[in-house]
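The chain contents come next:
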Amino acid sequence: MSTPKMLSIWFFVGLMLTILGALILAMGIYYAFVPQTRTVLAHLNPSLWWGAIMLVAGLLFLVPSWIQHNK
Amino acid sequence: MSVIQLSWIDWSIIALYFVFVLGIGVYLKKFTGTGEDYFLAGRKNSAWVAGLAFLSANLGALEILGWTGGTMKYGMFVSHFYWVGAIPAMLFLGLYMMPFYYSSKIHSVPGYLKLRFDERSRLLNAFSFAIMTLLMSGINLYLMALVLRTILGWDWQLSMWVSAAAVGGYIMLGGLMSAIFTEIVQFFLIWFGLFLVAILGTIEMGGIDQVLSGLPPAMSKLWSTAADPSLNAMGVTWIGIVIGLGWVLSFGYWTTDFLVVQRAFSSKDLRSARMTPIIASFFKMALPFIIVVAGLVAWRLTQMAGANFQLLPHPVTGEPWNDTALPLLIARYYPQGLVGLGITALLAGFMAGQAGNVSAFNTVWTYDIYRVLIKKDATDAHLVWVGRVTTLVGILLSVATAYLAMQFNTIMDYIQAIFSWVNAPLFATMLLGMFWKRTSPTAAFWGLILGMVTSFTIFLGFKMDFWSTDVAKLITFSAAPSDMARNMWQAAWAWTVCLVATVGISFVTKPKPEAELVGLVKGFTKIEDQGKIIWYKKPQVIAIFAAVVFVLLNVYFW
């Protein structure tokens, strides 16, 4: 039996960042409607833009590595 | 009451991370059948994979929390540990030492000592490295548990056992490949989880210029306050920084410590192995933008009336505890969700460091101790089995060390000093071994012993207040050296004694025949042809670029 082709590490990096980015972005969207005031600089809503950055970075790793794996 | 209250979303993120790293271990198990797979990740990693893992293995509790806290004490001088205290050594490793390491196809650094010298040096280094690694791993674990208890109110025993079990689990399953895969995921988590702290801190201060301008000169400069120990917060001169840190401690760690070097051994070819520390050097240079900036912001906040920022007391000493600075900043800036990411990043740092220690320990134990002293005819499959068992034993010993550190807090000072007992003399031995064919096996062994004894004696002398002021000044060139300055000079003396002794003894003992030096010593090693590589992809060119960035950073923050 031959060993299956191993997924690239970049796939795992992409998957992790995509999932976490999506969760944090979702929190940011929630805070955009229900602002939180507990933290310093809460008005900047860091969850929104940081979550978006993580999501984009995650997809940039995830999609190419998935395409490469299935070639 | 804990400082940070976690919500369901934060817990979900932390749980997801644990499931993810264990899942990687389970997934990789089927790809790790041979010893080469298990201990060297099949020698098929690209330079980027090995490079990021190289850096990630160096991260740990002491690194992230310790140096953010250290910045509150020493200011910008902490950057020296990331720049002059790392970059020249990393580039030197990639350009000049890696060809000897990689070409000899060894499994470990003690393995090189066996080929270049003899079994005595290999066993001496293997045992001292194994002990050092386990102790460091235990300390990391203890610090992590202490911080989590202080910040989050977690039961320290539970957090220690859970994280140790997770690390043990994925390394037992997938060996070095698992460690490397998770280290890279952890690398990204650390950056995404903690860089935002520095960004938000800088925004609150009104920009990086505002952060720096609010500092006293002793904390805000890199070199211009290094002429006199009384001018800087570290109490050290530029000579101490350059020789003690930049030369001995740094080269000793980055070029000989198997914990990091092992990642380069997993590369698919010589070029990738050489590129490993060179790629890592760029990210190492960038780390102060998280760690030092966060530490400076924390210091500024403690000085600002009305900032409502106060370090927590140390659970043992009751003094303000600098290591709590970073978690307190997370609590200050991160709302729910991001807090989970920040805590996950800290956990990732702890676990990456511990995984590095454990995977290096299992290789050295299996190949350099077990196979040499216990079962010389062990099959490959048997060695993989031993590696898995050793991982479990290593994890248990780490936990035992953590308990020991909790019972006897001062043991931490001893353990942290081990770096200069083991690595500083070893660097002299390696340097001579690789670049001077006359270095004899007997000289290497006794040089190492004398270097280690020198370092230990200096350390004990300070610890027991045995040295008079005059002797202390003779050793450290300072009337009131900080612990850091003592550590640097202790390493420098250990290196010097080892070097001088090894050279001296080499002249009166028999060197190895030249035929046995092929692939191990400069002049007897044919560097593998790298094929046609575009000029800008050559290790030498990229190393020059890294060196330029290094110089610019030092000049800018002079």
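Above this text you will find the structure in question.
Residues numbered from 1 in each chain as written. Chains lettered and ligands numbered in written order. Predicted model: local features only at pLDDT ≥ 70, side-chain atom pairs only at ≥ 80, totals over all residues. Heavy atoms only, no water.

Considerations on helix α7 (residues 119-152) of chain B
An α-helical segment advances 3.6 residues per turn. Residues three or four places apart therefore align on the same side.
Residue and element names in this part refer to chain B.
Phase 1 of the analysis: Taking 1.5 Å per residue as the helical rise, α7 with its 34 residues ought to reach 50 Å, and the 48 Å between its terminal C-alpha atoms agrees with that figure.
Phase 2 of the analysis: With respect to burial, α7 is a largely interior element, 28 of its 34 residues being buried.
Phase 3 of the analysis: Looking one or two residues past α7, G153 carries a phi angle of roughly 75°, positive in sign. (Helix = DSSP H or I, 4+ residues; strand = E, 2+ residues; numbered from the N terminus. Expected span 1.5 Å × (residues − 1). Buried < 20%, exposed > 50% of the residue type's maximum accessible area, 1.4 Å probe, protein only.)

Let's talk about the interface of chain B and chain A
Phase 1 of the analysis: Taken together, the contacts link 37 residues of chain B with 33 residues of chain A.
Phase 2 of the analysis: Where chain B touches chain A, the interface holds zero salt bridges.
Phase 3 of the analysis: Run the count over chain B and chain A and you get five residue pairs in polar contact (both at pLDDT 80 or more).
Phase 4 of the analysis: Taken together, the residues of the side of chain B that touches chain A break down into 32 nonpolar, two polar and three charged. (Contact = heavy atoms within 4.5 Å. Salt bridge = Lys/Arg side-chain N within 4 Å of Asp/Glu carboxyl O. Polar contact = N/O pair within 3.5 Å; in protein donor to acceptor, adjacent residues only side chain to side chain. Nonpolar A, V, L, I, M, F, W, Y, C, P; charged D, E, K, R; others polar.)

A few points about the environment of B:I374
Residue and element names in this part refer to chain B.
Phase 1 of the analysis: Counting through the fold element by element, I374 comes out in helix α16 (residues 338-374).
Phase 2 of the analysis: Spatially, the C-alpha atom of I374 lies 18 Å from that of S128, the residues being 246 residues apart in sequence.
Phase 3 of the analysis: Here I374 is in contact with W365 and I369, once residues within four sequence places are set aside.

Notes on a nonpolar patch on the surface
Phase 1 of the analysis: Together, A:I29, A:Y30, A:F33, A:V34 and A:L48 make up an exposed nonpolar region whose accessible area comes to about 500 Å².
Phase 2 of the analysis: Within the element layout of this structure, A:L48 appears in helix α2 (residues 46-69). (Patch = residues over 30% accessible without salt bridge, like charges linked within 9 Å, V, L, I, M, F, W, Y side chains within 5 Å. Areas by Shrake-Rupley, 256 points an atom, 1.4 Å probe, with all protein chains shown as cover.)

Considerations on the side chain of B:S163
Phase 1 of the analysis: Here B:S163 shows up in helix α8 (residues 156-205).
Phase 2 of the analysis: Residue class for B:S163 comes out buried when judged on its relative accessible area of 1%.

A look at the packing of aromatic side chains
Residues and elements named next belong to chain B.
Phase 1 of the analysis: Inspection of the entire model under this criterion finds 46 aromatic pairs over all chains.
Phase 2 of the analysis: Their ring planes at 35° and their centres at 6.2 Å tell us that W223 and W558 sit as a pair that is tilted. Pair noted here: W223 is in the loop between α10 (217-220) and α11 (238-256) and W558 is in the segment after α22 (539-556), with a separation of 335 residues, a long-range link.
Phase 3 of the analysis: Residue class for W558 comes out exposed when judged on its relative accessible area of 51%.
Phase 4 of the analysis: Each ring, one from W421 and one from F459, has its centre 5.5 Å from the other, and the planes form 70°; the classification is edge-to-face. Here W421 is found in helix α18 (residues 411-435), whereas its partner F459 is found in helix α19 (residues 441-463), with 38 residues between them in sequence. (Phe/Tyr/Trp six-rings, centres within 6.5 Å; stacked < 30°, edge-to-face > 60°.)

Overview of the nonpolar core
Phase 1 of the analysis: By size, the foremost hydrophobic cluster in this structure holds 215 residues, and its most contacted members are A:F12, B:Y101 and B:I343.
Phase 2 of the analysis: At 26 residues, the largest contribution of residues to this core is made by α8(B).
Phase 3 of the analysis: Setting aside anything within four residues of it in sequence, one finds B:Y101 in contact with B:L93, B:I106, B:V109, B:Y112, B:T255, B:T256, B:V261, B:F265, B:M430 and B:M434. (Core = buried A, V, L, I, M, F, W, Y, C linked by side-chain atoms within 4.5 Å.)

Focus: the pattern of salt bridges
Think of it this way: side chains of opposite charge can pair up when their charged atoms draw near.
Residues and elements named next belong to chain B.
Phase 1 of the analysis: One pass over the structure, following the stated rule, counts seven salt bridges over all chains.
Phase 2 of the analysis: Two residues, R122 and E119, come together in a salt bridge whose shortest N-O distance is 2.6 Å. Note that R122 and E119 are positioned in helix α7 at a spacing of three residues, about one turn of the helix.
Phase 3 of the analysis: The buried category is assigned to R122, whose relative accessible area is 9%.
Phase 4 of the analysis: The exposure class of E119 is partly exposed, given its relative accessible area of 28%.
Phase 5 of the analysis: Put simply, R122 and D368 hold a salt bridge, and the shortest N to O gap is 2.5 Å. Separated by 246 residues along the polypeptide, R122 in helix α7 and D368 in helix α16 bring together distant segments of the chain. D368 matches R122 in its accessibility class, with the two residues each being buried.
Phase 6 of the analysis: Connected via shared salt-bridge partners are E119, R122 and D368.

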